[in-house]
Amino acid sequence: MRPLILALTLALAVPAIALPASATGPEHGPEHGHHRVDDLRDLARKLHISIGSAVDVAALRAEPDYQARLNREFDHITAENAMKWESVEPERGVYAWEDADEVVRNARRHGQQVRGHTLVWHNQLPAWLTGGVEDGTIDATELRKILRDHVTTQVRRYKGKIRAWDVVNEALNEDGTMRQSIWLTHLGPGYIADAFRWARRADPRAKLYLNDYNVEWNAPKIEGTLNLIKELRAQRVPIDGMGFQGHLGIQYDYPGDWANVMRRFADLGLEIAVTELDVRMVLPVTPEKLATQAEYYGRALSDCLSVRACREFTVWGFTDRHSWVPGWFDGEGSACLLDENLAPKPAYDTLLTTRRVSGP
């Protein structure tokens, strides 16, 4: 979702991905028991993890090949934009649920779980909200009521249909301090605890997540996020999970300590998810770049599988036909598992060969 600064080493080989069974359970994999893995949904069953994708709702409606591939490959989906505030309440008190409803309806028809994205964020807010705060017609008291009503209304609408919500998205700066958003500026840091409590009351069974980028590798942000979660837990705030967005680029090093970072959050009693993975490259595409991209995708899945608490591995769109990357990163692209024609790249094949093997 947000531009990242990562660092990656170029690696031309695509190694088979393996991790110790001692960390994650018995051996599974595409050839385990001589059963072939046919697609990512099949892989998810064998590895006992959810594998998901963000969904472009316009493509879901208009492109039969996109819809068919999405529903064949993935057992977990996230609305890329359809559940963001500017989409669901473009005018105050006037709701537009059609797109979000379509994502949920399609998921239920095809046995997919849903991640709700996102309830509280500093971006993609409706103009009536930001304008009202800016011109003073919405004061702090009213703003808090508006936020409470938004969280409660949206979570209640999909009660029992959403596995997990990204309740608060991108709350911290890169140096680990709180982001000076509209929410922090006018409501103070307590807005985060409030949002989680409102969401829990609206749907007691949904998993409630904090979600952010660069937490895969950025030490100050990692420490700031861990400290925030410890503070929330001390206040008995119902936070269940930590989402790692995982927007990577092959011109930077792979975040080699990512699995250990996941474990630090898991040690706080949190569920872990990779929520928005993509691996972009500087264009043009070359076989060497595709090989490096494949390695990164494989390492990310292996890191997730090596942590017992990591339950979900979601890519931020599965085809370059509808990738957000070219619009944000000039001269970069080809970030997804499939190309514009839905042809699999080496990264897709690498995920299918990811396995768990006996280790020391």
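Each remark here, short or long, concerns the structure printed above.
Residues numbered from 1 in each chain as written. Predicted model: local features only at pLDDT ≥ 70, side-chain atom pairs only at ≥ 80, totals over all residues. Heavy atoms only, no water.

Asker: I keep staring at the overall build of the chain and nothing clicks. Help me out?
Answerer: Helix and strand counts for the chain come out as 15 helices and twelve strands. Taking contacts inside the chain between residues at least 6 apart in sequence as the whole, the part at least 24 apart equals 79%. (Helix = DSSP H or I, 4+ residues; strand = E, 2+ residues; numbered from the N terminus. Contact = heavy atoms within 4.5 Å.)

Asker: What is the right way to look at helix α12 (residues 258-266) in this model?
Answerer: At 3.6 residues per turn, the α-helix brings residues three or four places apart onto the same side. Every buried residue belonging to α12 is among Trp-258, Ala-259, Val-261, Met-262, Phe-265 and Ala-266, and all of these are buried. Looking straight down α12, one finds its buried side chains confined to an arc of 160°; they lie on one side. In this structure, the buried residues of α12 make contact with α11 (219-234), β7 (241-244), β8 (247-249), β9 (271-282), α13 (287-305) and β10 (310-315). (Buried < 20%, exposed > 50% of the residue type's maximum accessible area, 1.4 Å probe, protein only. Arc of directions from axis to C-beta.)

Asker: Sorry if this is basic, but what is going on with the pairing of strand β4 (residues 113-120) here?
Answerer: For a regular strand, side-chain orientation follows a simple rule: the groups alternate between the two sheet faces. In terms of burial, β4 is largely enclosed, as seven of its eight residues are buried. Where β4 lies against strand β5 (residues 164-169), four bridges are found, and the strand directions are parallel. Each residue of the ladder has a partner; that of His-117, found in β5, is Asp-166. (Pairing = 2+ DSSP bridges.)

Asker: Explain the environment of Asn-260 to me, please; I cannot follow it from the model alone.
Answerer: Tracing the sequence through the fold places Asn-260 in helix α12. The exposure class assigned to Asn-260 is partly exposed, which follows from its relative accessible area of 40%. Taking the C-alpha atoms as reference points, Asn-260 and Asp-303, 43 residues apart in sequence, are found 8.5 Å from one another. Engagement of the side chain of Asn-260 in a polar contact is seen with the side chain of Asp-257, the distance being 2.7 Å. (Polar contact = N/O pair within 3.5 Å; in protein donor to acceptor, adjacent residues only side chain to side chain.)

Asker: I tried to follow empty space enclosed by the protein on my own but got confused; where do I start?
Answerer: Vacant regions in the atomic arrangement are exposed by a probe of water-molecule size rolled over the atoms. Summed over the entire model, instances satisfying the criterion amount to three cavities of 30 Å³ or more. Roughly 50 Å³ of volume is contained in the largest cavity. Partitioning the lining of the largest cavity into residue classes produces six nonpolar, three polar and two charged. (1 Å grid on protein atoms, 1.4 Å probe; cavity = no way out; pocket = protein on both sides within 12 Å on 5 of 7 lines; lining within 4 Å. Points joined across faces, edges and corners; volume = space filled by probe spheres on them. Nonpolar A, V, L, I, M, F, W, Y, C, P; charged D, E, K, R; others polar.)

Asker: I keep staring at the state of the cysteines and nothing clicks. Help me out?
Answerer: Among covalent bonds in proteins, the disulfide is the one between the sulfur atoms of two cysteines. Using the criterion set out here, one finds one disulfide in the structure. At a sulfur-sulfur separation of 2.0 Å, the disulfide partner of Cys-304 is Cys-310. Residues Cys-304 and Cys-310 are joined by a disulfide whose S-S torsion is about -95°; by sign, that bridge is left-handed. Judged by relative accessible area, Cys-304 falls into the buried class, the value being 0%. Residue classification places Cys-310 among the buried residues on the basis of a relative accessible area of 6%. (Disulfide = S-S within 2.5 Å.)

Asker: Please explain the nonpolar core as it appears in this structure.
Answerer: Soluble globular proteins tend to bury their nonpolar side chains together. Among the nonpolar cores identified, the biggest contains 104 residues, and Leu-129, Trp-165, Val-168, Trp-183, Phe-265 and Phe-313 are the most heavily contacted of them. Leaving out residues up to four positions away in the same chain, Phe-265 has contacts with Val-215, Ile-222, Thr-225, Leu-226, Ile-229, Met-242, Phe-244, Leu-270 and Ile-272. Core analysis: the next-biggest nonpolar cluster, separate from the first, contains six residues, Ala-54, Trp-316, Phe-329 and Ala-335 among them. (Core = buried A, V, L, I, M, F, W, Y, C linked by side-chain atoms within 4.5 Å.)

Asker: I would appreciate a short explanation of α11 in the present structure.
Answerer: The first and last C-alpha atoms of α11 sit 22 Å apart over 16 residues, in line with the 22 Å expected at 1.5 Å per residue. Buried within α11 are the following residues: Lys-221, Ile-222, Gly-224, Thr-225, Leu-226, Leu-228, Ile-229 and Leu-232. Here the buried face of α11 lies against α10 (190-202), β6 (207-212), β7 and α12. Once α11 ends, the next one or two residues include Arg-236, with phi positive near 60°. (Expected span 1.5 Å × (residues − 1).)

Asker: Where do I start with the packing of α12 against α13 in this structure?
Answerer: Any two packed helices are characterised by how steeply their axes cross, that is the angle between the axes, and by the distance between the axes. Contact geometry for α12 and α13: axes closest at 9 Å, N-to-C directions at 30°. In this view, α12 runs roughly parallel relative to α13, as classed from their interaxial angle. Seen along the crossing, α12 lies across α13 with a hand that is right-handed. Across the interface between the two elements, Trp-258, Ala-259 and Met-262 of α12 pack against Ala-300, Asp-303 and Cys-304 of α13. A per-class count over the contact of α12 with α13 returns five nonpolar, no polar and one charged. (Axes fitted to C-alpha atoms, helices over the stretch in contact; angles between N-to-C directions. Parallel < 35°, antiparallel > 145°, perpendicular 65-115°, else oblique. Left-handed = near helix turned anticlockwise from the far one by under 90°.)

Asker: How should the packing of aromatic side chains be read in this particular structure?
Answerer: The description of an aromatic ring pair uses the distance of the two centres, along with the angle that the planes make with each other. Taken as a whole and judged by the stated rule, the model has twelve aromatic pairs. Measuring from centroid to centroid gives 5.6 Å for Phe-74 and Phe-318, while their planes differ by 45°, and the two rings are tilted. Here Phe-74, found in the loop between α4 (64-73) and β3 (76-79), pairs with Phe-318, found in the loop between β10 and α14 (325-328); they are 244 residues apart in sequence, far enough to count as distant. Each of the two residues, Phe-74 as well as Phe-318, counts as buried. The interplanar angle of 75° and the centroid separation of 5.4 Å between the aromatic rings of Tyr-254 and Tyr-296 together place this pair among those described as edge-to-face. A residue pair is termed long-range when its members are at least 10 positions apart, and Tyr-254 in the loop between β8 and α12 and Tyr-296 in helix α13 qualify at 42 residues. You'll find Tyr-254 and Tyr-296 in the same group, each marked buried. An aromatic cluster of three or more residues is present, and its members are Phe-244, Tyr-254, Trp-258, Phe-265 and Tyr-296. (Phe/Tyr/Trp six-rings, centres within 6.5 Å; stacked < 30°, edge-to-face > 60°.)

Asker: Can you help me understand the side chain of Arg-163 in this one?
Answerer: The topology assignment puts Arg-163 in the loop between α8 (140-157) and β5. A relative accessible area of 17% places Arg-163 in the buried class. Separated by 2.9 Å, the side chains of Arg-163 and His-76 make a polar contact. In this view, Arg-163 contacts His-76, Gln-113, Val-114, Arg-115, Ala-206, Lys-207, Tyr-209, Glu-271 and Glu-312; residues no more than four positions away in its chain are not counted.

Function-wise, these values are silent; they only describe arrangement.
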